[in-house]
Structures are given as C-alpha cells and as structure tokens.
Amino acid sequence: MGEFVRLEVADGVGTLRLDRPKMNALSVQVQEEIRAAATEATERDDVKAVVVYGGERLFAAGADVKEMADMSHTDMVKRSGALISSLSTVARIPKPVVAAITGYALGGGCELALCADVRFAADDAVLGQPEVLLGIIPGAGGTQRLSRLVGPSKAKDLIFTGRFVKADEALAIGLVDRLFPKDEVYQEAHAWAAQFANAASYALRAAKEAIDRGLEVDLETGLEIERQQFAALFATEDRALGMGSFVENGPGKARFVGR
C-alpha cells in the first residue's frame, strides 16, 4: 500500500483510491503508486473489476506543477516515458475499469480518467486538458486517448483552448458516460463494477483486448484479433459452463468459475 494511493478490495471490486491532500496532484511518487496499485489489481484473482476514485471532493486536479517547474528538458526526457506508462498500467488492467469522477479531473487527472473503460461523473464535475495554459501539451496520453474517445475536432478544441468542461457538456460529447449527484457517484460506479464479480473473467479480458487492440489497427487486422480471441475462449472452462447452462436452462443462469 502506497502513501497516497491504495487498492481497497471488497466483494470482487478493487477501488484504486487516490488520497493526496489537497488536490490529488500526480507527483512522481503518486504516478508510481498508481502503477503499483494497477499492477496489483491486474494480478489479484479476487479483483474482478476496478473503480478509480479520488474521493468525495475531487478526482485529481492534475500533475504536480511545482515539481515539474524545476525539471529541465533532459529531466523530462528521462521521466516522460515513465509518466505515460504509469497511467497506461491502468488502461491495461485486463478487467472492467470505471472512473468515479467528483470535483475536478484536470490535466493528468483527466488523462487518468481516460484510462478507464467507462467514466461516471458527478453532475457538478469539471474536466479538461488545460496544459496549453502552462505552455505545454498533455503528456500522459491526453492527445491520443481524448481524440479517440470524443473525436479529433472536439479534442483539438479542448486541448487548444485549455478550457474547462462542465459535466453536462462532458456527457454530451462522450467524455463521460453517466452523471449522478456527487454523493452517489462512487456508489453507482461500485455497483457497475460489482456486476462482474461472478462473470466469465477470461471472456471479459478477451473482449477488452479485442476492442482496445482493434482500435489501434485497420478493420481486417481487428477482425483477426477478434477471431483469435473468440477461438481461444473455447479452451476455457467458463465457455463450457456457459454454453451448457444455456442449452439446459436458458440464458443468463450460468455459474462461472473464472477459468
């Protein structure tokens, strides 16, 4: 367990919890603790899905600018790869991941939210990529993940202007998927994750990999990725249990074992 980031596990759901007063700034230490928590969530068999959560007040207000301000070009050349890979460790968790966004999710905080599969936000949440206002650009995946999520023109508008995006606009452009009152966001995100506690884990893993890898390639290559993942699932015990249950009892009644 890190000083500022921890993984809390209950009933099949792992909560990757940021807790660095006052704004959950993503310092180098926090980045590495995110990497460690995401790796733990990946490796633990009792974690079936993950909620990324910054607490009741805010998600994460961005990078630790005071820390970055003193870094030279060569310092950032050395650090930038680890910065990107620390958040990408969240994106590569082979399980369903939902971001529960309260308050601000700005800069690196927004980039962390973009690493989730879906995003639930408070109806008063504020998101954005304001790095241009500091004379830089997003450096932890924002230019790439945001444009893939909302389209290049909307991403350019947000990144070029650095403007803040209120929750209703974020929902309208697809930056977040659902809005809730702020005191219900974590509960709703946890409930969404909990539905996978007894799901066919390897089928979910295959679906996530097929979608994510398929988005990186042309259609024909994507279809081949899907074909391979589909065929591979016929080696799992859950596939046999699922199809057997369907034949005998109809859909939605299988008891999976995660193998």
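Refer to the structure presented above.
Presented here is a report on the structure given in the accompanying data block. (Residues numbered from 1 in each chain as written. Predicted model: local features only at pLDDT ≥ 70, side-chain atom pairs only at ≥ 80, totals over all residues. Heavy atoms only, no water.)

1. A closer look at the packing of helix H9 (residues 201-214) against helix H10 (residues 219-232)
A packed helix pair is summarised by two numbers, namely the angle formed by the two axes and the spacing between the axes.
Point 1. Contact pair H9 / H10: the axes reach a minimum separation of 9 Å and the direction vectors enclose 165 degrees. Considered as vectors, H9 and H10 are oriented roughly antiparallel to each other. Handedness of the crossing formed by H9 with H10: right-handed. Where H9 approaches H10, its residues Ala206, Glu209, Ala210, Arg213 and Gly214 are matched on the opposing element by Gly222, Ile225, Glu226 and Gln229.
Point 2. Its residues assigned to classes, the contact of H9 with H10 shows three nonpolar, three polar and three charged. (Axes fitted to C-alpha atoms, helices over the stretch in contact; angles between N-to-C directions. Helix = DSSP H or I, 4+ residues; strand = E, 2+ residues; numbered from the N terminus. Parallel < 35°, antiparallel > 145°, perpendicular 65-115°, else oblique. Left-handed = near helix turned anticlockwise from the far one by under 90°. Contact = heavy atoms within 4.5 Å. Nonpolar A, V, L, I, M, F, W, Y, C, P; charged D, E, K, R; others polar.)

2. Some details on the sheet that holds strand E7 (residues 126-128)
Point 1. Across the sheet, which stays open at both edges, the three strands sit in the order E5-E7-E8 with mixed pairing between neighbours. With one partner strand each, in any of the chains shown, strand E5 (104-106) and strand E8 (165-166) form the two edges of the open sheet.
Point 2. Bridge count for E5 against E7 is three bridges, and the pairing is parallel. When the sheet's bridge partners are listed, Tyr104 is paired in E7 with Val126. (Pairing = 2+ DSSP bridges.)

3. Looking at the sheet that holds strand E3 (residues 49-53)
Think of a sheet as strands paired side by side through backbone hydrogen bonds, with each pair either parallel or antiparallel.
Point 1. As summarised here, the arrangement of the six strands in space is E1-E2-E3-E4-E6-E9, forming an open sheet in which the pairing is mixed. The open sheet has two edge strands with one neighbour each: strand E1 (5-10) and strand E9 (178-180). In this sheet, adjacent strand axes meet at a mean angle of 20 degrees when their direction is disregarded.
Point 2. Lying over the sheet, helix H1 (residues 28-43) contacts E1, strand E2 (13-18) and E3, oriented at roughly 25 degrees with respect to E1.

4. As for the environment of Asp177
Point 1. Looking at where Asp177 falls in the secondary structure, it is placed in the loop between helix H7 (167-173) and E9.
Point 2. In sequence terms Asp177 and Ala121 are 56 residues apart; their C-alpha atoms lie 7.8 Å from each other.
Point 3. Contacts of Asp177, omitting those with residues within four sequence positions, involve Val118, Arg119 and Leu171.
Point 4. Within polar-contact distance, the side chain of Asp177 engages the backbone nitrogen of Arg119 at 2.8 Å. (Polar contact = N/O pair within 3.5 Å; in protein donor to acceptor, adjacent residues only side chain to side chain.)

5. A closer look at unusual backbone geometry
Point 1. A cis amide bond, omega -5 degrees, links Pro21 with the succeeding residue Lys22.
Point 2. Along the polypeptide, Lys22 turns up in the loop between E2 and H1.
Point 3. Even without glycine at this site, Asp11 takes up a positive phi of about 55 degrees.
Point 4. Tracing the chain through its elements places Asp11 in the loop between E1 and E2.
Point 5. With a relative accessible area of 69%, Asp11 lands in the exposed category.
Point 6. Here the phi dihedral of Asn24 falls at roughly 55 degrees; this positive angle occurs in a residue that is not glycine.
Point 7. Relative to the elements of secondary structure, Asn24 occurs in the loop between E2 and H1.
Point 8. Judged by relative accessible area, Asn24 falls into the buried class, the value being 4%. (Buried < 20%, exposed > 50% of the residue type's maximum accessible area, 1.4 Å probe, protein only.)

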